[in-house]
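# Tertiary structure, described
If you want the building blocks of each chain, they are given just below.
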Amino acid sequence: MASFIVTTAIMYVFWILLSGYFDFFHLFSGLLCSLLVAHFSHDLLIGEESKIGRGFKKFARFLAYLPWLFYQIFKANVDVAWLTLHPRLPIDPKIIHVKTSLRTEMGIVTFANSITLTPGTVTVAASHEGEFMVHVIAPDSASLLESGEMARRVESIEGEDV
């Protein structure tokens, strides 16, 4: 029941923010639609009732991960700009394989998307066994992945309650 209420509240707040109308008809329509969506999808957004608290902890850890990721994206942008503007164009594209201990769908998706968001790297394939095939534009682009730092940070989002 708690996940239904939380999902309804989230949907209703988004409805209000996105609609921009505050008359009775729109507020009531938004409430009905939010209740309907929550009825069918509350287990998808929040998960099982017993996991609600853990979900909020994971979300907080994910928010803490974002500044580090944004910094890595910025650094990679500078590196790729340097590579493309360098007179000798020291680009050496290759495919590398990265193994991690990630097994959850959310961890695998977060890691794969973090790789792809970082300029100079693209996730080509990801498996449920935590193996990733990544295209890198230059050997330096692979250093963050080969060091395992990004994988460790994504694993820390899952925390001790994996």
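Before any of the text, the structure's been laid out above.
A short tour of the structure in this document, coming up. (Residues numbered from 1 in each chain as written. Predicted model: local features only at pLDDT ≥ 70, side-chain atom pairs only at ≥ 80, totals over all residues. Heavy atoms only, no water.)

## With respect to the overall build of the protein
Each helix and strand in the protein was counted, giving six helices and three strands. Across the protein, helices and strands are ordered from the amino to the carboxyl terminus as α-α-α-β-α-β-β-α-α. The principal-axis extents of the C-alpha atoms in the protein amount to approximately 65 × 35 × 25 Å. A total accessible area of about 10300 Å² is found for the protein, and carbon and sulfur atoms account for 68% of it. For the protein, the distance from the average site of its 12 positive side-chain charges to the average site of its 16 negative ones is 6 Å. (Helix = DSSP H or I, 4+ residues; strand = E, 2+ residues; numbered from the N terminus. Areas by Shrake-Rupley, 256 points an atom, 1.4 Å probe, with all protein chains shown as cover. Lys, Arg positive; Asp, Glu negative; His and termini not counted. Charge placed at Lys NZ, Arg CZ, Asp CG, Glu CD.)

## Observations concerning a nonpolar patch on the surface
A surface patch of nonpolar side chains, about 530 Å² in accessible area, is lined by Ile10, Val13, Phe14, Leu17 and Leu18. Note that Phe14 resides in helix 1 (residues 2–19). (Patch = residues over 30% accessible without salt bridge, like charges linked within 9 Å, V, L, I, M, F, W, Y side chains within 5 Å. Salt bridge = Lys/Arg side-chain N within 4 Å of Asp/Glu carboxyl O.)

## With respect to the packing of helix 5 (residues 139–147) against helix 6 (residues 149–158)
Running from amino to carboxyl end, helix 5 crosses helix 6 at an angle of 45°, the nearest separation of the two axes being 4 Å. By the criterion of interaxial angle, the relationship of helix 5 to helix 6 is oblique. Taking contact as the criterion, the partners of Leu144, Leu145 and Ser147 in helix 5 are, on helix 6, Glu149, Met150 and Arg152. Class assignment of the residues belonging to the contact of helix 5 with helix 6 gives a composition of three nonpolar, one polar and two charged. (Axes fitted to C-alpha atoms, helices over the stretch in contact; angles between N-to-C directions. Parallel < 35°, antiparallel > 145°, perpendicular 65-115°, else oblique. Contact = heavy atoms within 4.5 Å. Nonpolar A, V, L, I, M, F, W, Y, C, P; charged D, E, K, R; others polar.)

## Regarding the environment of Leu32
Here Leu32 is to be found in helix 2 (residues 24–45). Judged by its relative accessible area of 44%, Leu32 falls in the partly exposed class. Through-space distance from the C-alpha of Leu32 to that of Tyr12 is 9.0 Å; in sequence the pair is 20 residues apart. (Buried < 20%, exposed > 50% of the residue type's maximum accessible area, 1.4 Å probe, protein only.)

## What to know about unusual backbone geometry
Of note, the phi angle at Leu89 is positive, near 45°, even though the residue is not glycine. If you trace the backbone, Leu89 turns up in the loop between helix 3 (52–85) and strand 1 (94–99).

## Structural notes on the environment of Ile10
Inspection of the secondary structure puts Ile10 in helix 1. You can call Ile10 partly exposed: its relative accessible area is 31%. Along the sequence, Ile10 and Ser34 sit 24 residues apart, while their C-alpha atoms lie 8.3 Å from each other.

In short, geometric facts, not functional conclusions.
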